[in-house]
Amino acid sequence: MATVVSTLFISLDGVAEIDPEWHFPYFDEQMGAAVGEDYEDVDVLVLGRVTYDSFAGAWPDREAAGGEDAAFAKDLGDVRKLVATRGEQDLGWRNVERTADVVGAVRALKDDAATGKVLVAGSISVVRQLLDAGLLDELRLFVHPVAARTGERLFAAAGTYQPFALLRCVALPRGVLRVVYAPAALPSEATYDDAKEHLPES
């Protein structure tokens with residue numbers, strides 16, 4: 001069964017709609033290596049349409065330019081890409097497929113024995129859908145030490161909560177926390193009466 005993971009840059013106040021003004025000052029060698037780890041051994045890259053348009057509008061030109069980012073750009077071009085879109089227009093990049101049912105498509109990938117790792121890059125709406133469907137195995141966040149104050153937050157208002165288990169956390173040199181969560185149940189049922197025994201003693 002495939003492992004479905006997401007990778008997102010996010011602010012301290014939960015904004016996952018990246019503003020280059022507050023993102024790039026924190027992007028150092030260690031963050032680059034961590035991002036590279038997220039993209040290692042990816043069989044299928046899943047993208048929402050907005051994220052795909054951003055990728056397709058930049059990475060093919062960077063690959064053609066042959067600069068220091070050309071190798072990563074080539075890897076993105078070579079990987080199989082699944083784009084959540086209801087449009088029929090040409091997507092304009094190689095190895096691209098479209099789907100109007102991203103949940104169904106990811107469920108099929110997850111059940112495909114030939115698929116090892118599915119990566120959802122950015123794509124807030126896709127991450128939300130996969131979490132709601134119980135299909136996301138890991139939520140990988142690069143938490144920047146900045147309050148964005150504006151922009152789309154990862155978690156929309158809802159009538160239910162979503163607990164997670166912390167799998168690992170690493171502090172990067174410029175203050176970004178690389179945090180990896182998995183959807184989980186609450187650790188226990190508890191009330192204040194259960195918690196009060198753990199209060200500090202005077």
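Data block above holds the structure.
Residues numbered from 1 in each chain as written. Predicted model: local features only at pLDDT ≥ 70, side-chain atom pairs only at ≥ 80, totals over all residues. Heavy atoms only, no water.

A look at the environment of Arg 62
With respect to the secondary-structure elements, Arg 62 resides in helix α4 (residues 59-65). Exposure remark for Arg 62: the relative accessible area of 34% places this residue in the partly exposed category. The spacing of Arg 62 and Asp 75 is 13 residues in sequence and 12 Å in space, taken between C-alpha atoms. Residue contacts for Arg 62: discarding those within four places in its chain leaves Gly 67, Asp 69, Ala 70 and Ala 73. (Helix = DSSP H or I, 4+ residues; strand = E, 2+ residues; numbered from the N terminus. Buried < 20%, exposed > 50% of the residue type's maximum accessible area, 1.4 Å probe, protein only. Contact = heavy atoms within 4.5 Å.)

Side note on the pairing of strand β3 (residues 80-84)
For β3, the buried fraction is high: four of the five residues fall into the buried class. In this structure, strand β2 (residues 44-48) lies alongside β3, joined through five bridges in parallel fashion. Looking at the pairing, Val 44 lines up with Arg 80 of β3. In this sheet, strand β4 (residues 96-99) lies alongside β3 in parallel orientation, the contact comprising four bridges. Bridging from a neighbouring strand, Leu 82 pairs with Glu 97 of β4. (Pairing = 2+ DSSP bridges.)

Here's the deal with helix α3 (residues 49-56)
Since the α-helix turns once every 3.6 residues, residues separated by three or four places project in the same direction. Taken residue by residue, α3 has Thr 51, Tyr 52 and Phe 55 as its buried positions. Taken around the axis of α3, the buried residues stretch over an arc of 100°, which confines them to a single face. (Arc of directions from axis to C-beta.)

A few points about the nonpolar core
Membership of the largest hydrophobic core comes to 28 residues, with the highest contact counts inside it found for Val 46, Val 127, Leu 130 and Leu 154. Put simply, the parts of the chain that give this core at least two residues each are β1 (3-10), β2, β3, α6 (102-110), β5 (117-121), α7 (124-132) and β6 (138-143). For Val 127, the residues in contact, after removing those within four places along its chain, are Ser 6, Leu 8, Val 120, Gly 122, Leu 136, Leu 139 and Leu 154. Met 31, Val 42, Tyr 52 and Trp 59 belong to the second-largest nonpolar core, a separate cluster that totals 22 residues. (Core = buried A, V, L, I, M, F, W, Y, C linked by side-chain atoms within 4.5 Å.)

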